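# A structural walkthrough
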Amino acid sequence: MKELVHKLYEEKKLSPEEFFRLLSDRTEQTEEYAEDLADQVRKENYGNVIFVRGLIEFTNYCRNDCYYCGIRRSNHKALRYRLSLEEILDCCREGYSLGFRTFVLQGGEDGYFARDKMVELIQAVKREYPDCALTLSIGEKSREEYKAYRLAGADRYLLRHETADEEHYRLLHPKELSIARRKECLWNLKKLGFQTGAGFMVGSPGQTAGTLTKDFLFLQELQPQMVGIGPFIPHKDTPFAKEKAGLLRDTLFYLALIRLMLPRVLLPATTALGTIHPEGRELGIRCGANVVMPNLSPSKVRKKYMLYDNKICTGEEGAEGIEDLKKRMEKIGCFITADRGDYKG
Ligand code: 5AD
């Protein structure tokens, strides 16, 4: 199996059969080999620099009803909120003073933030912080809408594909959502010049070596500038409440494979990874991740943006914990940077 890891490192791609083999019966040795190699590749490409992004969760209203997600439309227990333009700009101001030069506006698919509102918001952030990169993570929109956001100044867009397998996609989502549409959105974003991020949950119900093979092949084809992966974690008020969470080991192995396949990709050690293990993010970085995304949302709303149970929101993962984060990174020989940290292909 080691030879497949080495081949991925050398050639940056594998065939479907090879991916399937690597994903279905790996040994501990294979894991270790992949993870050490990924750590090395991250260092070759980015040195010991870890990029930080300030995450602003600006609305938890969502028109969608994804079975795994705590802010799905049918979860009537979720306390809904929206931040005002002023509140969002306050988050940016706070983040800027802490050294952040990338802001990520993430939210549910909220009809209130329709095209014109979003354009206004993007322009306002870019006007006040022209030296900062702005990332959007607000779901599926028409090509025209994406274009308007791009013209308004948005630089990057995160839209996880969640799973590239059609049947698996249907198991995770209601019928009005489709993987075809999802992929189309991602291709549109890329063509419009966004630095684009795809990704998937690890250990979501129904995930197999077969579905994961499709995820890796899709990433190989899309060549995204960013990839977000993190363990699935059940949320008590969703249809998947009783499902098992994704595993740390699996997540670390897949992070490593992604680093080997896409050596220059911007790859976060996600909040979900930090939620299932106290040192999840450090472990992620050791396996090829090079981005962390502290939470810049006002503390009063953090508990409301509960995508899954026990999502960390106590402070140490937040932007105000930046000093702590710095120390944690230094402990593993890394330092965080205030750079925008654009993708350099
Ligand atoms: N566990 C882990 N990740 C989740 N997401 C949504 N719900 C969960 C969950 N229960 C992830 C999805 C989405 C991102 C914003 O959060 O992958 O794209």
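Residues numbered from 1 in each chain as written. Predicted model: local features only at pLDDT ≥ 70, side-chain atom pairs only at ≥ 80, totals over all residues. Heavy atoms only, no water.

Before going further, it helps to spend a moment on the overall build of the protein chain. Across its full length, the protein chain holds 14 helices and 9 strands. Counting over 345 residues, the protein chain shows a buried share of 61%. If you take every contact in the protein chain between residues at least 6 apart in sequence, the share linking residues at least 24 apart comes to 75%. Counting every atom, the protein chain has about 14,300 Å² of accessible surface; 50% of that belongs to carbon and sulfur. Taking the average location of the 54 positive side-chain charges in the protein chain and that of its 51 negative ones, the two points are 3 Å from each other. (Helix = DSSP H or I, 4+ residues; strand = E, 2+ residues; numbered from the N terminus. Buried < 20%, exposed > 50% of the residue type's maximum accessible area, 1.4 Å probe, protein only. Contact = heavy atoms within 4.5 Å. Areas by Shrake-Rupley, 256 points an atom, 1.4 Å probe, with all protein chains shown as cover. Lys, Arg positive; Asp, Glu negative; His and termini not counted. Charge placed at Lys NZ, Arg CZ, Asp CG, Glu CD.)

In the neighbourhood of the ligand, the contacting residues comprise Tyr68, Cys69, Arg160, Glu162, Met201, Pro231, Phe232, Ile233, Leu307 and Tyr308. At 3.4 Å from a nitrogen atom of the ligand is found a main-chain nitrogen or oxygen belonging to Leu307. Surface burial for the ligand is 87%, taken as the share of its 410 Å² of free accessible area covered by protein chains. Grouping the constituent residues of the shell around the ligand by class yields 8 nonpolar, no polar and 2 charged. (Near = heavy atom within 4 Å. Polar contact = N/O pair within 3.5 Å; in protein donor to acceptor, adjacent residues only side chain to side chain. Nonpolar A, V, L, I, M, F, W, Y, C, P; charged D, E, K, R; others polar.)

According to UniProt, the "binding site: S-adenosyl-L-methionine" (unreviewed entry) feature falls on Glu162 and Arg182. Over a stretch of 21 residues, the named residues converge on one spot in the fold, their C-alpha atoms separated by at most 9.1 Å. Its place among the elements puts Glu162 in the loop between strand E5 (156-158) and helix H7 (166-172). Classification of Glu162 by relative accessible area gives buried; the value is 9%. (UniProt positions renumbered as here; feature names shortened; annotations may be inferred.)

What follows covers the layout of surface pockets. Quantified by volume, the largest pocket comes out at close to 180 Å³. Around the largest pocket, the lining comprises 13 residues; the ones closest to its centre are His235, Lys236, Asp237, Lys303 and Met306. Among the residues forming the lining of the largest pocket, the class breakdown is 3 nonpolar, 4 polar and 6 charged. (1 Å grid on protein atoms, 1.4 Å probe; cavity = no way out; pocket = protein on both sides within 12 Å on 5 of 7 lines; lining within 4 Å. Points joined across faces, edges and corners; volume = space filled by probe spheres on them.)

This part is about the side chain of Thr102. Along the chain, Thr102 falls in strand E3 (residues 102-107). Given the relative accessible area of 0%, Thr102 is considered buried. Only 3.3 Å separates the side chain of Thr102 from the side chain of Arg53, close enough to count as a polar contact. If we skip the residues at most four places from it in the chain, Thr102 touches Val52, Arg53, Gly54, Ala133, Thr135, Arg156 and Arg340.

Look at any regular strand and the pattern is simple: side chains alternate between the two faces of the sheet. Counting buried residues in strand E6 (residues 195-202) gives 8 out of 8 residues, a clear majority hidden from the surface. As paired strands, E6 and strand E7 (residues 226-231) are joined by 6 bridges and run parallel to one another. Considered in E7, the bridge of Gly197 is made with Met226. In this fold, E6 hands off to helix H9 (residues 209-222), which returns the chain to E7; that crossover is right-handed. (Pairing = 2+ DSSP bridges. Right-handed = clockwise from strand over helix to strand, strands pointing away.)

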